[in-house]
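Given next are the chains, with one letter for each unit.
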Amino acid sequence: EAAGSDPAADQPNRDFVYNKEDIWAIVAGKESGVCVAQAELDDERRLQILASDGELSLAVGSVGAALPRGRKGKVQTEAYSFDFKPQYDEEGRYMTADLPFDSQALFALSRAKWMGVTVDGNELVDAQVEKTGFADLLLSVAACSRGEKGWWGDGAPAAR
């Protein structure tokens with residue numbers, strides 16, 4: 001099953017609002033209940049935390065070469081790891097995890113100093129998240145997706 005397109009790229013008239021650490025940015029989506037948090041990892045790759053009605057998931061995008069494809073994804077921190085099934089867009093430049101984070105994954109991510117993402121052993125993300133505002137970012141993007149206002153501005157539009 002193909003992943004949807006990059007929701008952040010679909011927001012040409014909306015600006016990302018950066019956190020006080022100037023690392024993570026949030027944009028409210030056009031669809032009700034959707035917000036995206038994004039950090040630029042390098043000149044090509046972006047790590048995203050997707051929020052839909054308060055549930056969080058993972059995405060990795062590339063503005064350059066296609067991402068390595070595979071069947072088994074893994075998110076790791078220094079203390080915890082969990083598997084996911086990667087889903088890709090047609091060009092292979094955007095990958096999403098098949099399921100939202102469960103409570104155990106969110107707990108581990110909120111305390112993480114480092115985060116890595118691999119697909120079939122190929123590295124997609126190797127990021128120090130300590131002192132980037134990552135723990136607050138997880139709470140903030142979830143709040144944004146529930147329509148709450150905060151440092152990111154107005155939250156996602158409410159369902160009609």
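Residues numbered from 1 in each chain as written. Predicted model: local features only at pLDDT ≥ 70, side-chain atom pairs only at ≥ 80, totals over all residues. Heavy atoms only, no water.

Student: Teacher, can you tell me more about the pairing of strand E7 (residues 81-84) here?
Tutor: Regular strands have side chains that alternate between both faces of the sheet. Residue alternation in E7 divides its side chains into a buried set, Phe82 and Phe84, and an unburied set, Ser81 and Asp83. In the sheet, strand E6 (residues 73-77) pairs with E7 via four bridges, with the strands oriented antiparallel. Each bridged residue has a counterpart across the sheet, and for Lys74 the counterpart in E7 is Asp83. Hairpin remark: E6 followed by E7, antiparallel, with three residues in the connecting loop. (Buried < 20%, exposed > 50% of the residue type's maximum accessible area, 1.4 Å probe, protein only. Helix = DSSP H or I, 4+ residues; strand = E, 2+ residues; numbered from the N terminus. Pairing = 2+ DSSP bridges.)

Student: Whenever I open this one, the packing of aromatic side chains confuses me. Can you help?
Tutor: Centre-to-centre distance and the angle between the planes together describe a pair of aromatic rings. Enumeration over the complete set of coordinates arrives at four aromatic pairs. When the centroid spacing of 5.9 Å and the interplanar angle of 40° are considered together, the rings of Tyr80 and Phe82 count as tilted. Tyr80 gets classed as partly exposed once you look at its relative accessible area, which sits at 21%. For the pair Phe82 and Phe101, a centre-to-centre distance of 5.8 Å together with 80° between the ring planes defines the contact as edge-to-face. Taken together, the positions of Phe82 in strand E7 and Phe101 in the loop between strand E9 (94-97) and helix H1 (103-110) put the pair 19 residues apart, joining distant regions of the chain. Judged by relative accessible area, Phe82 falls into the buried class, the value being 16%. (Phe/Tyr/Trp six-rings, centres within 6.5 Å; stacked < 30°, edge-to-face > 60°.)

Student: I would appreciate a short explanation of the pattern of salt bridges in the present structure.
Tutor: Where charged atoms of side chains with opposite charge meet at close range, the side chains can pair. Tallied over the full model, the rule gives four salt bridges. In this structure, the salt-bridge partner of Asp83 is Lys74, at a minimum N-O distance of 3.2 Å. Overall, Lys74 belongs to the partly exposed group, its relative accessible area being 25%. Across the salt bridge formed by Asp154 and Lys149, the nearest N and O atoms sit 3.7 Å from each other. (Salt bridge = Lys/Arg side-chain N within 4 Å of Asp/Glu carboxyl O.)

Student: Looking at this structure, I do not really get the state of the cysteines. What am I missing?
Tutor: What makes a disulfide is a covalent bond joining the sulfur atoms belonging to two cysteines. Evaluation of the coordinates by the stated rule reveals one disulfide. Two residues, Cys35 and Cys144, share a disulfide whose sulfurs are 2.0 Å apart. The S-S bond linking Cys35 to Cys144 shows a torsion near -65°; that makes this disulfide left-handed. You can see Cys35 sitting in strand E3 (residues 34-40) and its partner Cys144 sitting in helix H2 (residues 134-145), a full 109 residues away along the chain. Since its relative accessible area comes to 0%, Cys35 is described here as buried. (Disulfide = S-S within 2.5 Å.)

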